[in-house]
Amino acid sequence: MILGIETSCDETAAALVTEDGEVRASVVSSQADLHARYGGVVPEVASRRHLELVKPVISEALADASATLDDVDRVAVTQGPGLIGALLVGLSVAKALAWSRHLPLVGVDHLDGHVASLYLQPDALEPPFLCLLASGGHTLLLDVRSHTEREVLGTTRDDAAGEAFDKGARLLGLGYPGGREIDRLAREGDPEAYDFPVARVDGLDFSFSGLKTALLYAVRDLSAEELDTRRADLAASYQRAIVRALVGRVREAAERVGREQIAIVGGVAANSELRAALPDAAAAPLSLCTDNAAMIASAARFTESIPYPRYLGIDAYSSR
Ligand code: KG4
Ligand code: ZN
């Protein structure tokens, strides 16, 4: 089995996955509550919390899989991109575990991890496919040609889609993380109540900063009581604009590269309106869309291992 460890942002996660992509255990401990009062992730607070949680989370994953470290053949860990202090906690633990047992180690790119969430059983997707990766830090259109080859077709010029959700939620006075809150509130609102702009950018890129400004102006024009009565409409209209932008680009990209299969991954792929707007798209179960370690172990199946003890010198990276 592969032991996966993920600590790139505010989720401490460990998972056990077989070489065939069967998830034997996946434990995710979210620190969201800890960061909520700051309205976002505080990097130093995240690192310290990872330090406290990483060992119990790994133990829980082993217990859930009825396994011990004797059953682990390789250790997979997120090497980047992400918060550097947070990444270092997972990487150090992974190195120590692998080294003490003379196991190979796999350094996994977090974005490859999100794509590899689609390669897990029971509904493993086979490349090629066109993939939208939309998370808190990234918005990418990828042409996934094989398990190991992908090309970036488009990306965001400013905010990531998840960031647009989080910043919008903040403007609306909703909790953190914002995507799930907007998703929930939007169900009670009218998505046509406000006509928010969908930015037009060249090529297959995205832009969400104009939309965020439009929401800011709409909120600014309302009194506190008015905001209370219009909050659901604002959330629904704002979400509709983001989903429209994403879906439009996905369809365009699929046509341009001639891909029939499309897929969505990353935290924003958990959005109910996006999933409904792309009924033909493959998507992982909700728990595997947001950050988790099963996807990291899954990516390791297609990434070369570094033999013992050469990995002791590898480093985390905050961006590519
Ligand atoms: O992939 P992820 O867990 O972490 C990163 O790698 O960034 O994505 C987190 C992002 C956050 O911005 C969060 O607001 C968003 O995914 N998100 C959602 C939903 N659930 C999480 N956005 C829209 N609708 C959701 N249901
Ligand atoms: Zn992620």
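Draft legend 1. Molecular detail of the pairing of strand S1 (residues 2-6). Across the 5 residues that make up S1, a large majority, 5, are buried. Because side chains alternate across S1, one face comprises the buried residues Ile 2, Gly 4 and Glu 6, and the other comprises Leu 3 and Ile 5, equally buried. Where S1 meets strand S2 (residues 11-17), 5 bridges bridge the pair, whose relative direction is antiparallel. From the neighbouring strand, Ile 5 faces S2, where its bridge partner is Ala 14. Here S1 folds back onto S2, and the loop between the two strands holds 4 residues. Pairing between S1 and strand S4 (residues 74-80): 4 bridges, direction parallel. Note on S4: the bridge partner recorded for Gly 4 is Ala 76.

Draft legend 2. The arrangement of the site of ligand 1 in detail. In the vicinity of ligand 1 lie 18 residues, with Gly 136, Asp 166, Gly 179, Asp 183 and Asp 291 positioned nearest. At 3.1 Å, a side-chain N or O of His 114 approaches an oxygen atom of ligand 1. Contacts to ligand 1 include Gly 162, whose backbone N or O atom sits 3.1 Å from an oxygen atom. Calculation on ligand 1 without its partners gives an accessible area of 560 Å², and the protein chains cover 89% of this total. The class makeup of the residues in the shell around ligand 1 is 4 nonpolar, 10 polar and 4 charged. Residue contributions to the shell around ligand 1 reach at least three from each of two domains, namely domain 1 (2-120 + 290-313) and domain 2 (129-283).

Draft legend 3. Spotlight on the packing of helix H2 (residues 43-64) against helix H3 (residues 84-100). At a minimum axis distance of 9 Å, the contact between H2 and H3 shows a crossing angle of 35°. Considering the relative orientation of H2 and H3, their crossing is right-handed. Counting all contacts with H2, which are made through Ser 47, His 50, Leu 51, Val 54 and Ile 58, the residues of H3 involved are Gly 85, Ala 86, Val 89, Val 93 and Leu 97.

Draft legend 4. Broad picture of the domain arrangement of the protein. For the protein, the domain assignment lists domain 1 (2-120 + 290-313) and domain 2 (129-283). Taking the mean C-alpha position of each, domain 1 and domain 2 sit 27 Å from one another. Facing the 19 residues of domain 1 at the interface are 22 residues of domain 2. The interface formed by domain 1 and domain 2 contains 1 salt bridge. When the shortest N-O distance is used, the salt bridge between Asp 112 and Arg 150 registers 2.5 Å. The tally of links between domain 1 and domain 2 comes to 3 residue pairs in polar contact (both at pLDDT 80 or more). Residue assignment for the side of domain 1 that touches domain 2 shows that the elements contributing at least two residues are helix H1 (32-36) and helix H4 (110-116). The element contributing the most residues to the side of domain 1 that touches domain 2 is H4, with 4 residues. Looking at side-chain class alone, the side of domain 1 that touches domain 2 contains 10 nonpolar, 6 polar and 3 charged residues.

Draft legend 5. Just the environment of Val 89, in detail. Mapped onto the fold, Val 89 is located in helix H3. As for Val 89 and Ala 284, which are separated by 195 residues in sequence, their C-alpha atoms are 27 Å apart. Beyond its immediate chain neighbours, meaning those up to four positions away, Val 89 contacts Thr 7, Ser 47, His 50, Leu 51 and Val 54.

Draft legend 6. A look at the pattern of salt bridges. Taken as a whole and judged by the stated rule, the model has 23 salt bridges. Glu 22 is the salt-bridge partner of Arg 24, the closest N and O atoms lying 3.0 Å from each other. Among the salt bridges present, the one from Asp 205 reaches Arg 157, with a minimum N-O distance of 2.9 Å. Placement of Asp 205 in the loop between helix H6 (178-186) and helix H7 (209-220) and of Arg 157 in the loop between strand S8 (150-155) and helix H5 (161-171) is noted, with a sequence separation of 48 residues between them. Because the salt bridges share partners, they merge into one network encompassing Asp 143, Arg 145, Glu 151 and Arg 259.

Rules behind the numbers
- Residues numbered from 1 in each chain as written.
- Chains lettered and ligands numbered in written order.
- Predicted model: local features only at pLDDT ≥ 70, side-chain atom pairs only at ≥ 80, totals over all residues.
- Heavy atoms only, no water.
- Buried < 20%, exposed > 50% of the residue type's maximum accessible area, 1.4 Å probe, protein only.
- Helix = DSSP H or I, 4+ residues; strand = E, 2+ residues; numbered from the N terminus.
- Pairing = 2+ DSSP bridges.
- Near = heavy atom within 4 Å.
- Polar contact = N/O pair within 3.5 Å; in protein donor to acceptor, adjacent residues only side chain to side chain.
- Areas by Shrake-Rupley, 256 points an atom, 1.4 Å probe, with all protein chains shown as cover.
- Nonpolar A, V, L, I, M, F, W, Y, C, P; charged D, E, K, R; others polar.
- Domains from an automatic or database assignment.
- Axes fitted to C-alpha atoms, helices over the stretch in contact; angles between N-to-C directions.
- Left-handed = near helix turned anticlockwise from the far one by under 90°.
- Contact = heavy atoms within 4.5 Å.
- Salt bridge = Lys/Arg side-chain N within 4 Å of Asp/Glu carboxyl O.

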